[in-house]
Amino acid sequence: MLIAVDLPAIFEKLDQQTQTALTDCEPFQQLSDSSAGYTRLLKTLNCSHYCLKLLKSDVNHFVDLVAWDQQLESAAELDKQAFEHYLTSHLEGVIDAIDQKAGSQAEMQLERLLRDARKHFMLRWIHADANRLISAEQLVQELSDFAAAALDCALSVLHQLLVQKHGEPRGEAQDDQLGELQRMVVLAMGKLGAGELNLSSDIDLIVCYSENGKTEGVNGNHSIENQQFFLKLGQKLIKAIDRVTADGFVFRVDMRLRPWGQSGALALNFDAMEYYYEQHGREWERFAMVKAKPIAGDMLAGKALMDRLKPFVYRRYTDFSAIQALRDMKAMINREVKRKGKDNDVKLGLGGIREIEFIGQAFQLIYGGRDEKLQRRKLMKVLAYLEESGILPQGANLELSNAYWFLRNAEHAIQALDDQQTQRLPSDEEAIARFLCYLDYSNSSSFNHDFEQHRAIVRKYFSMVVADPQEESDDTDQASYRQAWLSRDEESFSADLQELGIAAESINQLVKLKFSDKLTQLQ
């Protein structure tokens, strides 16, 4: 049974200063327990323990939310252009508030202000989503827009701080002429690249720069190679966004999709990027690149890089090898789901979000080199075109789209509980009650019925497109060993080998072999 949050009871437990701040707030004074605004706020705090904690920790965020909610009374729907304008002005205010002559103190100011901005917007997004004031499609786009703007804001500040020490980075000089000024390019992968972030997403990034060269130095000193400059800048950018401080974090940052993964250089120039994908790029990296997009920094240079990498992603011929690559990736995920008990995971479980994404990506890589209309990042546009062009049967787009947004709504309800990066359905009684309240379900049976129905639909289409016909019957050791070899990290590989009954000493030797530098470069 859900323990209802009572606003007056919460008010009485606040300290005197906070109570005074609330009573001086006109929008808060106008709240009554019979108003629609009161009902909406009550639902938000009932459904999200995260929002309740924010209220208790900083009343200013709550005062802002109350005022914003009242503005919504007269709005038919949330205005996308108004959000973009508000986001831009909000983050411009962040930059203006930073003393860029303060060195490391400026970096600390940046971290604090960006984390405050995230709390500010998260309250609004959870409130709007829980009360159906925003579509899931608009929500994921606004989350992605915020991530892009926060990255660009941080990059702008941090670049200038480094320039104060080392001067501007420039490309190689040509005919006694100064090389061109260089700026970092931040590529967003996965959901961020497609504008499809969830409420508590991590963000997959690759950082790079146009060409080698040196910085100008300051007063004739402190010049460094461009790679050093952009390595330092990349490290500072990750810290500004990812580091958990007393104020929280902005986004969890994952850099493992860069060339050579964790063992590779953090920042590469464009020539090195192109060489890597031409000579060493693997099938799973083609899937990762389908949604890649310049998100911050030098956007023109980023577009030029994507043009150079397009032949790696989209082959000029019809490429059916993509199907087998997807089967291999899905087999690896299924092993992970089974081992970690993730059957109730709305993303990775059977019939989950990942399988819908795989359906779109399979056809993008098979036909995308010959049909540019498939070279799109947004999954919904890809599914619509696949049905329109006759690749998917009539009705598939509607069924898959409905399933996708049902699962994404469930994902948001899970993450709104405590701002945790998880897609697993809640299991304890209170969390289940909050989750059902968020989605407007009166009981678990009704939700489970719809959940299983959507998953069955996804499985139907996934089996038509991607699933291996021999998947269910192939129990040979060879297949098991092959799937184990596909593991991308040492922990998963070791766990798979243990399940196959291999001795610990042999596992250690196989791990050293698989993840050795020479073999990694050959894969």
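**Remarks on the side chain of asparagine 226**
Assignment of secondary structure puts asparagine 226 in helix H11 (residues 226-242). Looking at asparagine 226, the relative accessible area reads 0%, which means it is buried. With residues up to four places along the chain from it excluded, the contact list for asparagine 226 reads Pro169, Arg170, Gly171, Gln182, Tyr209, Glu211, Asn212, Gly213, Lys214 and Thr215.

**Considering the pattern of salt bridges**
What the rule picks out here adds up to 23 salt bridges. Notably, a salt bridge pairs arginine 118 with aspartate 419, separated by 2.9 Å at the nearest N-O pair. With a gap of 301 residues between them, arginine 118 in helix H8 (residues 104-130) and aspartate 419 in the loop between helix H18 (396-418) and helix H19 (429-438) connect regions that are remote in the sequence. Residue classification places aspartate 419 among the buried residues on the basis of a relative accessible area of 6%. In this structure, glutamate 357 and lysine 191 form a salt bridge, with 2.8 Å as the shortest nitrogen-oxygen distance. Pair noted here: glutamate 357 is in helix H16 (residues 353-367) and lysine 191 is in helix H10 (residues 190-194), with a separation of 166 residues, a long-range link. Glutamate 357 sits in the buried class, given a relative accessible area of 7%. On the basis of relative accessible area, lysine 191 is assigned to the buried category, the value being 13%. Salt bridges here are not isolated pairs; linked through shared partners, they connect Lys191, Arg354 and Glu357.

**Comments concerning the confidence of the model for the protein**
Put simply, the protein has an average pLDDT of 85, and 80% of its residues get 70 or more. By mean pLDDT, helix H24 (residues 517-522) is the weakest element of the protein at 48, and strand S2 (residues 185-188) is the strongest at 98. Below a pLDDT of 50 lies the segment residues 472-476, which in the model reaches one contact outside its immediate sequence neighbourhood of four places, other chains included.

**A few points about the packing of H8 against H11**
Viewed as axis vectors pointing N to C, H8 and H11 meet at an angle of 40 degrees, and their least axial separation amounts to 8 Å. Overall, the two elements H8 and H11 adopt an arrangement that is oblique. Every pair of crossing elements has a handedness; the one defined by H8 and H11 is right-handed. The segment H8 lies against H11, with Glu107, Leu110, Glu111, Leu114 and Arg115 engaging Lys236, Lys239, Ala240, Ile241 and Asp242. Across the contact of H8 with H11, the residue classes break down as four nonpolar, no polar and six charged.

**So, helix H12 (residues 270-279)**
Of all the positions in H12, only Phe270, Met273, Tyr276 and Tyr277 are classed as buried. Burial along H12 is one-sided: seen end-on, the buried residues are contained in an arc of 125 degrees. Turned more than 90 degrees from where H12 packs its buried face, Asp271 and Glu278 sit exposed. On its buried face, H12 is in contact with S2, strand S3 (202-209), strand S6 (267-269), helix H13 (283-289) and helix H14 (299-313). Structurally, the start of H12 carries an N-cap: the backbone nitrogen of aspartate 271 is 3.0 Å from a side-chain oxygen of asparagine 269.

**Quick word on the packing of aromatic side chains**
Taken as a whole and judged by the stated rule, the model has 18 aromatic pairs. Both rings, one in tyrosine 86 and one in phenylalanine 121, keep their centres 5.9 Å apart while their planes meet at 70 degrees; by these two values the pair is edge-to-face. Of this pair, tyrosine 86 sits in helix H7 (residues 80-97) while phenylalanine 121 sits in helix H8, and the two are 35 residues apart along the sequence. A residue is classified by how much of its surface remains accessible, and tyrosine 86, at 27% relative accessible area, is partly exposed. In this structure, arginine 118 packs its charged tip against the face of phenylalanine 249, placed 4.5 Å from the ring centre.

**What about helix H4 (residues 36-47)?**
The terminal C-alpha atoms of H4 lie 17 Å apart, and with 12 residues this matches the ideal 16 Å at 1.5 Å per residue to within 8%. Of all the 12 residues making up H4, nine are buried; the element is thus mostly covered by neighbouring parts of the structure. The complete set of buried residues in H4 reads Gly37, Tyr38, Arg40, Leu41, Lys43, Thr44, Leu45, Asn46 and Cys47.

**Topic: unusual backbone geometry**
One non-glycine residue, arginine 132, lies in positive phi territory at about 55 degrees. Within the element layout of this structure, arginine 132 appears in the loop between H8 and helix H9 (136-166). Given the relative accessible area of 38%, arginine 132 is considered partly exposed. Phi is positive for aspartate 440, close to 65 degrees, though the residue is something other than glycine. Positionally, aspartate 440 belongs in the loop between H19 and helix H20 (444-465).

**Focus on the environment of glutamate 411**
As for its position among the elements, glutamate 411 is in helix H18. Judged by its relative accessible area of 0%, glutamate 411 falls in the buried class. C-alpha separation for the pair glutamate 411 and glutamine 423, spaced 12 residues apart in sequence, amounts to 5.5 Å. If we ignore the near neighbours within four places in the chain, the residues touching glutamate 411 are Asn198, Val346, Ile353 and Gln423.

**Here's the deal with the packing of H9 against H11**
How two helices sit against one another is set out by the angle between their axes and by the gap between those axes. Across the interface, H9 lies against H11 with an axial gap of 9 Å and an inter-helix angle of 135 degrees. In terms of axis orientation, H9 runs oblique to H11. The chirality of how H9 crosses H11 is right-handed. From H9, Ala150, Leu151, Ala154, Leu155, Leu158, His159, Leu162, Val163 and His166 reach across to H11, where they touch Phe229, Lys232, Leu233, Lys236, Leu237, Ala240 and Ile241. Split into classes, the residues belonging to the contact of H9 with H11 amount to 12 nonpolar, two polar and two charged.

**Comments concerning the side chain of serine 201**
Topologically, serine 201 is positioned in the loop between H10 and S3. Ignoring anything within four residues of it in the chain, the contact list for serine 201 reads Phe251 and Arg252.

Procedures and definitions
- Residues numbered from 1 in each chain as written.
- Predicted model: local features only at pLDDT ≥ 70, side-chain atom pairs only at ≥ 80, totals over all residues.
- Heavy atoms only, no water.
- Helix = DSSP H or I, 4+ residues; strand = E, 2+ residues; numbered from the N terminus.
- Buried < 20%, exposed > 50% of the residue type's maximum accessible area, 1.4 Å probe, protein only.
- Contact = heavy atoms within 4.5 Å.
- Salt bridge = Lys/Arg side-chain N within 4 Å of Asp/Glu carboxyl O.
- pLDDT = per-residue confidence, 0-100.
- Axes fitted to C-alpha atoms, helices over the stretch in contact; angles between N-to-C directions.
- Parallel < 35°, antiparallel > 145°, perpendicular 65-115°, else oblique.
- Left-handed = near helix turned anticlockwise from the far one by under 90°.
- Nonpolar A, V, L, I, M, F, W, Y, C, P; charged D, E, K, R; others polar.
- Arc of directions from axis to C-beta.
- Polar contact = N/O pair within 3.5 Å; in protein donor to acceptor, adjacent residues only side chain to side chain.
- Phe/Tyr/Trp six-rings, centres within 6.5 Å; stacked < 30°, edge-to-face > 60°.
- Lys NZ or Arg CZ within 6 Å of the ring centre and 35° of its normal.
- Expected span 1.5 Å × (residues − 1).

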